[in-house]
Amino acid sequence: MTWGLHVTLASRWLDPAETEALITPFMVLYAIHDALVKPMPAGPNTPSLAESWSVSKDGLTYEFVLRKLATFHNGDPVSADDVKFSFDRYKGAAAKLLKDKVREVQVVDARRVRFHLKEPWPDFMTFYGTSASGAAWIVPRKYVEKVGDDGFKKAPVGAGPYRVVSFTPGVELVMEAFDGYWRKTPSVKRLVFRSIPEEATRAAALKNGEVDIVYLLSGPIAEDVRRTPSLQLVPSQPPAVFWLEFLDQWDPKSPWHDRRVRLAASLAIDRQAVNQAETLGFSRPTGSIIPRAFEYALPFDPPPYDPRRAKQLLVEAGYPNGFDAGDFYPFPPYTSMGEAVAGYLQALGIRTRIQTMERATFLTAWREKKFRGLVMGITGAAGNAATRLEAYVTNGGIYAYGVVPEVEDLFQRQGREHDRARREALLHQIQKILHERVMHAPIYELAFIWGVGPRVEESGADLIRGHAYSAPYEDLRLRKQ
Amino acid sequence: MKGYILRRLGYSVISLFLLSVTIFLFVRVTGDPAVLLVEPGASKDDLEMIRQQFGLDQPLPVQYGSFITSLLRGDFGQSFYYRTPVLELYLSRLPHSLLLAGAAMVFSLVVGIPTGIIAAVRVNRWWDSVGKIFALLGLSMPSFWVGLLMILFFSVYLGWLPSSGSGTLLHLVMPAIALGWVFAAAHMRLTRSSMLEVLGSEYVKLARLKGLPEALVISKHAFKNALIPVLTLAGINLVIMVNVAVVVETVFAWPGVGRLLYEGIAFRDFPVVQATVLLGGAMIVIVNLLVDILYAVIDPRIRY
């Protein structure tokens with residue numbers, strides 16, 4: 001089975017120790033490597049190389065028991081020593097956080113390992129056992145010590161369902177099924193990942209039968225694939241939400257300070273129409289900035305498209321003729337979507353100027369709080385409701401322009417709460433406050449659109465909730481010829 | 001002569017030094033690479049850690065000092081995106097770029113020179129008009145558009161050629177044409193004007209007066225002399241092709257230096273951009289240096 005990837009294959013994705021706070025490396029990790037615990041069709045913290053895991057009553061110790069049959073591609077058994085080694089050498093996303101919180105990794109015996117925390121931390125498994133980090137993905141200690149870090153990236157040995165046959169950085173990764181994989185022998189014998197950065201070329205390769213699956217199609221190209229009888233469009237649902245951020249709401253002199261104005265803007269957006277135009281209707285309009293798939297999420301229905309009520313609210317707020325809202329910064333490269341949203345605001349009388357910029361510049365300026373006006377943001381960072389909220393609505397949030405004291409208090413309390421139900425209640429309360437105050441105008445949960453060719457019987461789309469790519473690879477199937 | 005060569009060599013070193021400073025500073029004003037390596041919403045700690053790993057938390061003079069001292073040892077640094085040595089990446093891509101540039105050059109000469117000769121010999125007749133239209137199209141149609149049209153026609157519609165990638169001669173056909181097209185037009189124009197100039201010269205008139213067949217006059221007397229400026233341009237174009245194939249390599253997923261540069265820019269992979277620009281610049285500086293020296297050898301009057 002061959003994929004046409006929208007991204008450039010990076011060598012660092014072959015080594016779990018370098019997993020950054022991105023979902024993309026997991027596209028490769030799920031094939032070559034395996035984790036103690038990872039998101040699987042059964043749930044977000046499904047035991048994998050560990051056959052079970054448990055947490056002590058005081059919340060200070062997490063114990064993992066390894067599977068007997070799990071081996072690396074070179075035949076070495078996966079041991080507790082490899083688990084400790086992998087954690088110690090890990091330097092990717094959340095590495096500092098995990099190492100600050102973990103006092104010691106104790107190898108109890110060959111198949112048993114304990115993580116002792118300095119203090120109870122309810123999010124340990126969110127960071128250790130999901131795609132929020134790559135810390136739980138295990139590499140063979142002996143082999144890594146023998147070949148070194150650079151050697152490992154050139155010829156990685158993992159415990160996943162596929163072993164690497166060849167890798168040309170940036171170009172192609174070829175893998176073959178590993179018969180010794182503990183979960184099952186993969187049905188598809190050979191996987192090929194090919195980087196094809198140009199969307200039109202990816203679609204051509206799919207139509208031509210050169211590849212079986214392509215990622216990231218949009219607009220007219222996706223429409224063309226949909227019209228081709230032998231191909232199908234498949235949406236996966238990563239935890240990525242678009243929303244309108246009212247940056248000036250913290251300024252009492254700004255019209256955005258008035259909840260009625262924010263609500264008016266939210267009601268003026270026809271989310272379904274934007275969805276249809278941008279993602280062929282595959283995205284899911286939402287009323288929350290927290291993805292539905294996240295733990296502790298409190299889903300809200302998308303606000304209805306009600307321009308009449310929006311106008312009425314604006315009149316009530318004292319802006320019968322609308323107002324000049326300044327700059328509007330759509331997240332690059334979603335300019336056309338930003339223009340559509342700005343068009344709805346314009347129809348209401350809220351006049352904005354679209355400011356487009358390159359992605360790195362945009363993110364830096366947003367983070368350094370140099371923007372005024374409106375931002376149309378999106379993030380697909382892994383985690384749970386708490387980790388998502390932290391970045392945007394709390395004192396420590398790198399994109400938070402202001403904070404509601406009540407929200408901050410609740411956020412601090414949930415961080416200390418060990419009882420899951422009580423923590424969930426606190427996080428739900430925060431989301432209710434954000435919703436009631438209309439702190440954001442959520443738009444939709446983005447669909448990540450794939451094109452799938454005629455040979456594919458099971459593409460792996462959305463088998464794992466919130467995962468953007470094909471997985472688990474051992475479950476994929478090609479049609480019998 | 002020795003002084004002249006040393007002076008030119010000195011100028012070349014200064015050019016490369018200025019290029020290194022310029023590219024070092026320019027890539028750094030374009031944004032923070034750390035934010036592109038994580039999801040928006042990643043924690044401060046994660047961003048800080050990436051900056052520390054790349055040395056971006058150091059003051060600019062310290063970063064430049066480290067860059068230049070490594071460079072003098074032949075070390076272009078580690079790619080931020082790939083986490084492998086940049087020189088290794090560059091050298092793995094260079095053969096693909098040379099192959100593509102070579103094939104595009106052959107295409108551009110095979111198409112450009114004969115059409116230029118025919119246009120000159122049949123000047124102001126319909127063949128010349130066809131040649132002019134060809135040159136106009138070649139110079140005005142962007143290579144990515146030519147590339148996409150070819151993919152649609154030859155890959156999707158006819159199914160004759162693979163749409164992208166590398167590995168076989170078939171993979172090379174469309175990228176070489178897409179890249180060579182614009183250069184073919186340029187070579188055609190130069191061949192035409194050069195041939196017209198030569199065909200009007202005294203010795204060609206003499207050859208005709210001697211009663212030599214027209215084919216022999218054109219092929220033996222005119223063509224050889226008209227070819228000199230075309231080949232000079234082709235030599236320079238070959239270096240340019242290696243370095244400007246960014247768009248074509250991206251459209252066809254061709255694993256060359258151009259695509260590496262494109263990725264480097266897209267991901268703010270400073271070491272990759274620095275290395276590809278510097279090595280590309282070094283190629284041009286070296287070619288210019290050799291040309292300067294050759295001029296001086298050929299014509300002793302030349303002493304700039």
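Quick caveat: nothing in here was measured; it's all calculated off a predicted structure.

Chemist: Any chance you could explain the overall build of chain A here in plain terms?
Modeler: Scanning chain A from N- to C-terminus turns up 15 helices and 21 strands. Here the C-alpha atoms of chain A give a radius of gyration of 24 Å, agreeing with the 23 Å that 2.2 N^0.38 yields for 481 residues. Principal axes of the C-alpha set define a box for chain A whose edges measure 75 × 60 × 35 Å. The buried share of chain A, reckoned over its 481 residues, is 53%. Considering only residue pairs separated by 6 or more positions, chain A has 68% of its internal contacts joining residues 24 or more positions apart.

Chemist: Even after reading the chapter, I still don't get the overall build of chain B, so can you show me in this structure?
Modeler: Per the secondary structure count, chain B includes twelve helices and zero strands. Listed by position from the N terminus, the elements making up chain B come as α-α-α-α-α-α-α-α-α-α-α-α. C-alpha extents for chain B along the principal axes are approximately 85 × 60 × 30 Å. Residue burial in chain B is summarised as follows: out of 304 residues, 41% are buried. Within chain B, contacts between residues separated by at least 24 positions form 72% of all contacts whose residues are at least 6 apart in sequence.

Chemist: Hey, could you run me through the packing of helix α9 (residues 271-279) of chain A against helix α11 (residues 335-348) of chain A in this one?
Modeler: Describing two packed helices takes the angle between their axes plus the distance from one axis to the other. Residues and elements named next belong to chain A. In contact at an axis separation of 10 Å, α9 and α11 are set at 155° when each is read in the N-to-C sense. Relative to α11, α9 is oriented roughly antiparallel. Handedness of the α9/α11 crossing: right-handed. Packed against α9, whose contacting residues are Val274, Ala277 and Glu278, the element α11 presents Met337, Ala340 and Val341 at the interface. Taken together, the residues that form the contact of α9 with α11 break down as five nonpolar, no polar and one charged.

Chemist: Sorry if this is basic, but what is going on with the sheet that holds strand β7 (residues 112-117) of chain A here?
Modeler: Hydrogen bonds along the backbone pair up the strands of a sheet, which may run parallel or antiparallel. Residue and element names in this part refer to chain A. Pairing within the open sheet is antiparallel, and its four strands lie in the order β4-β5-β7-β6. Only two strands of the sheet have a single partner each, and these edge strands are β4 (50-55) and β6 (102-109). The sheet shows a mean angle of 15° between the axes of neighbouring strands, direction not considered. Inspection of the sheet shows strand β5 (residues 61-66) paired to β7 by five bridges, in the antiparallel sense. Paired with Thr61 across the strands is His116, a residue of β7.

Chemist: Sorry if this is basic, but what is going on with the sheet that holds strand β16 (residues 350-354) of chain A here?
Modeler: All names here are of chain A. Taken together, the six strands give an open sheet; going across it, the order is β14-β18-β13-β17-β15-β16, and neighbouring strands pair in mixed fashion. Looking at the sheet topology across the chains shown, the edges are occupied by β14 (284-285) and β16. Relative to β16, strand β15 (residues 323-330) runs parallel, the two being bridged by five bridges. Its bridge partner being in β16, Gly326 is matched across the sheet by Thr352. Each of β13 (241-246), β15, β16 and β17 (374-379) is contacted by α11, which is oriented at about 155° to β16, the strand it contacts most.

Chemist: Explain the environment of Val239 of chain B to me, please; I cannot follow it from the model alone.
Modeler: All names here are of chain B. Summarising the element assignment, Val239 is placed in helix α9 (residues 214-244). Between the alpha carbons of Val239 and Lys44 there is a distance of 43 Å; along the sequence they are 195 residues apart. Each residue touching Val239, except ones within four places of it in the same chain, is listed here: Met283, Ile284 and Val287.

Chemist: Looking at this structure, I do not really get the pairing of strand β18 (residues 440-445) of chain A. What am I missing?
Modeler: Residue and element names in this part refer to chain A. Burial analysis of β18 places six of its six residues in the buried class, the great majority of the element. For β13 and β18, the ladder comprises four bridges, and the chain directions are antiparallel. Looking at the pairing, Trp243 lines up with Pro442 of β18. Here β14 pairs with β18 via two bridges, running antiparallel. Residue pairing across strands places Pro285 opposite Tyr444, the latter belonging to β18.

Chemist: Where do I start with the interface of chain A and chain B in this structure?
Modeler: Accessible area lost on assembly of the parts is the figure often given for the size of an interface. Taken together, the contacts link 44 residues of chain A with 40 residues of chain B. Broken down by secondary-structure element, the contributors of at least two residues to the side of chain A that touches chain B are α3 (95-101), α5 (141-154), β10 (190-195), α6 (199-207), α12 (359-367) and α13 (385-393) of chain A. Counting residues per element, the side of chain A that touches chain B draws most heavily on α12 of chain A, which supplies six residues. Partitioning the side of chain A that touches chain B into residue classes produces 19 nonpolar, eleven polar and 14 charged.

Chemist: Got a minute to help me understand helix α7 (residues 169-199) of chain B in this structure?
Modeler: Helical periodicity: at 3.6 residues per turn, an α-helix aligns residues three or four positions apart in one direction. Residue and element names in this part refer to chain B. Taking 1.5 Å of rise per residue, the 31 residues of α7 would be expected to cover 45 Å, yet its terminal C-alpha atoms sit only 38 Å apart, more than 12% below that figure. The largest bend in α7 is about 40°, located at Gly180. The buried fraction of α7 is high, at 24 of 31 residues.

Chemist: Whenever I open this one, unusual backbone geometry confuses me. Can you help?
Modeler: What you tend to see is this: most non-glycine residues have negative phi, and most peptide bonds are trans. All names here are of chain A. Look at the link from Pro332 to Pro333: it is a cis peptide, with omega at 5°. By the secondary structure assignment, Pro333 is in the loop between β15 and α11. Across the junction of Ala471 and Pro472, the peptide omega takes the value -15°, indicating a cis bond. Relative to the elements of secondary structure, Pro472 occurs in the loop between β20 (456-458) and β21 (477-478).

Chemist: How do you make sense of the confidence of the model for chain A when you look at a structure like this?
Modeler: Low pLDDT means the predicted atomic positions in that stretch should not be read closely. Within chain A, residue pLDDT values average 94, and 100% of them lie at 70 or more. Averaged pLDDT values over the elements of chain A bottom out at 84 in α12 of chain A and peak at 98 in strand β11 (residues 213-214) of chain A.

Chemist: What am I meant to see in the environment of Tyr4 of chain B here?
Modeler: Locating Tyr4 of chain B in the fold gives a position in helix α1 (residues 2-28). It is 8.6 Å that separates the C-alpha atoms of Tyr4 of chain B and Ala296 of chain B, two residues lying 292 residues apart in sequence.

Chemist: Explanation requested: the pairing of β5 of chain A in the structure shown.
Modeler: Regular strands place their side chains on alternate faces of the sheet. Residues and elements named next belong to chain A. Across the two faces of β5 the burial differs, with Tyr62, Phe64 and Leu66 buried and Thr61, Glu63 and Val65 not buried at all. Pairing of β4 with β5 involves five bridges; the strand directions are antiparallel. In the sheet register, Ser54 faces β5, and the bridge partner there is Glu63. Counting the residues in the hairpin turn of β4 and β5 gives five residues, including Gly59, whose phi is positive at 75°.

Rules behind the numbers
- Residues numbered from 1 in each chain as written.
- Chains lettered and ligands numbered in written order.
- Predicted model: local features only at pLDDT ≥ 70, side-chain atom pairs only at ≥ 80, totals over all residues.
- Helix = DSSP H or I, 4+ residues; strand = E, 2+ residues; numbered from the N terminus.
- Rg over C-alpha atoms; globule rule 2.2 N^0.38 Å.
- Buried ≥ 20, exposed ≤ 12 C-beta atoms within 10 Å, placed from the backbone.
- Contact = placed C-beta atoms within 7 Å.
- Axes fitted to C-alpha atoms, helices over the stretch in contact; angles between N-to-C directions.
- Parallel < 35°, antiparallel > 145°, perpendicular 65-115°, else oblique.
- Left-handed = near helix turned anticlockwise from the far one by under 90°.
- Nonpolar A, V, L, I, M, F, W, Y, C, P; charged D, E, K, R; others polar.
- Pairing = 2+ DSSP bridges.
- Expected span 1.5 Å × (residues − 1).
- Bend = angle between axes of the 7 residues up to and from the residue.
- pLDDT = per-residue confidence, 0-100.

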